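Commentary on secondary and tertiary structure
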Amino acid sequence: MAAEPQQIPKGQEPSQDDQSMSLIEASAPTQPRPSPRIPTIEELLAAIIEVVEDSGTTSTSVSPLNQEHQQCIVEMEARHNQVVRKASTIWDPFESIRVLWQLFKLALRTHMIRCWIPIYTGLFLLCWYYPIIAYIIFICLRHHILVYDRWGNSKADWIRLPSSKDKPHYLLVVCGSGGHTGEMIRMMDDGVEPHEGTYHRRYAIAYGDQLSYDKVMGFERSLQRRFERSSVSAGSFDIEYFHRGRHVHQSWLTTPFTALACLADIFRILTTAPGPSTVTDDRFPGVIVTDGPGSGFLFLLAAHWLKMWFMVPDDFMQSIFIESWARVNSISLSGKLIDRFCLADVFIAQYKNMSRRGPYTFVGNMVATRPHPNMPV
């Protein structure tokens, strides 16, 4: 901006310097006023999207049908802030001991375990290695019985859920880092129907996996907005955290120790009932869904172990493994382990050439197209 000329008082002659400054200012060209910048189409679209997202995330006025879901969003945000603030990524051995104690109490509630205690005691009094032989025989028989039941269920088009409409079942979704969570969210976004909104969804996320947390919260908010427009309840959800079984580039020598810490968290997630602000009363999940991360194998292995010892009814923790969309010609390591030990009730391949290599169920591309049959969400 040009400086304003100094005012000369009355009765005072202008000096030579003032006259030269006036001549310079008069001869200087006037600068044109800059025209306002016109925003591009990309900037306008970005601004519109930002306004829409902010209005969707900050709005807390929901109908009475979705009050429980809104309460879940508030609780999960507060809990995530606590997890980030406390940096709960270090393995706590006392937490693992507490989980083992909870499993021991859960085992004592089953009639089979209470019957086995005097049997094992009697066998030990006869000979010290008799209980070991009996344990091996029991494990082998129980494993084959569960596998035989899974083979029988695999002949059906889809597994049958244990819960009825009056008592919604409880779904556990295992989220993996990278693109696994993105694939799972896209499949769920296409598979959730309005009449299935009364179900409870639990997400298992690794500590420090901020990307998976953002995707899950964004999906739940969009689900609430979509069901609000249809005047339908979006159900409820919660998020549980676990330690990674193996970090990227981690040595295989230390992997067993981190896997044990991961298993302790997995047993806690599988045997802990959802909170009071949910729509389910079940303690155990009805269905476990995973799509390829290494932690998914540990979840299915822990669920199989709980069933082997009769800690969980056989009609709960039905397992579904969906091979990753990126796997076109070969099965992932998690898929090979799950297939080798027969841990999945339904093993889904998204490419036809993959379904010819084993007893896999081919349903087509579930990421880019609508799944058929619908995912049991």
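Below, the structure is looked at part by part. (Residues numbered from 1 in each chain as written. Predicted model: local features only at pLDDT ≥ 70, side-chain atom pairs only at ≥ 80, totals over all residues. Heavy atoms only, no water.)

Let us look at the pairing of strand β5 (residues 318–322). Within β5, 5 of the 5 residues are buried, leaving the element largely enclosed by the surrounding structure. Of the two faces of β5, the one carrying Gln318, Ile320 and Ile322 and the one carrying Ser319 and Phe321 are both buried. Sheet topology note: the strand β4 (residues 287–290)/β5 ladder contains 4 bridges and is parallel. Paired with Val287 across the strands is Gln318, a residue of β5. Where the polypeptide runs from β4 across helix α10 (residues 294–308) and back to β5, its parallel neighbour, the crossover connection is right-handed. In this structure, β5 lies alongside strand β6 (residues 346–349), joined through 3 bridges in parallel fashion. (Buried < 20%, exposed > 50% of the residue type's maximum accessible area, 1.4 Å probe, protein only. Helix = DSSP H or I, 4+ residues; strand = E, 2+ residues; numbered from the N terminus. Pairing = 2+ DSSP bridges. Right-handed = clockwise from strand over helix to strand, strands pointing away.)

Looking now at helix α4 (residues 93–108). The end-to-end C-alpha distance of α4, which contains 16 residues, comes to 23 Å, matching closely the 22 Å that a straight helix rising 1.5 Å per residue would cover. When we look at burial in α4, the residues that qualify are Ser96, Val99, Leu103, Leu106 and Ala107. Down the axis, α4 shows its buried residues gathered within 100° of arc, on one side only. Facing away from the buried side of α4 by more than 90 degrees, the exposed set consists of Phe94 and Ile97. (Expected span 1.5 Å × (residues − 1). Arc of directions from axis to C-beta.)

The next point concerns the packing of α4 against helix α9 (residues 255–271). Where α4 contacts α9, the axes come no closer than 9 Å and their chain directions differ by 45°. On the basis of their axis angle, the class for α4 and α9 is oblique. In terms of crossing hand, the pair formed by α4 and α9 is left-handed. Contacts from Glu95, Ser96, Arg98, Val99, Leu103 and Leu106 in α4 reach Ala264, Phe267, Arg268 and Thr271 in α9. Residues belonging to the contact of α4 with α9 are distributed by class as follows: 5 nonpolar, 2 polar and 3 charged. (Axes fitted to C-alpha atoms, helices over the stretch in contact; angles between N-to-C directions. Parallel < 35°, antiparallel > 145°, perpendicular 65-115°, else oblique. Left-handed = near helix turned anticlockwise from the far one by under 90°. Contact = heavy atoms within 4.5 Å. Nonpolar A, V, L, I, M, F, W, Y, C, P; charged D, E, K, R; others polar.)

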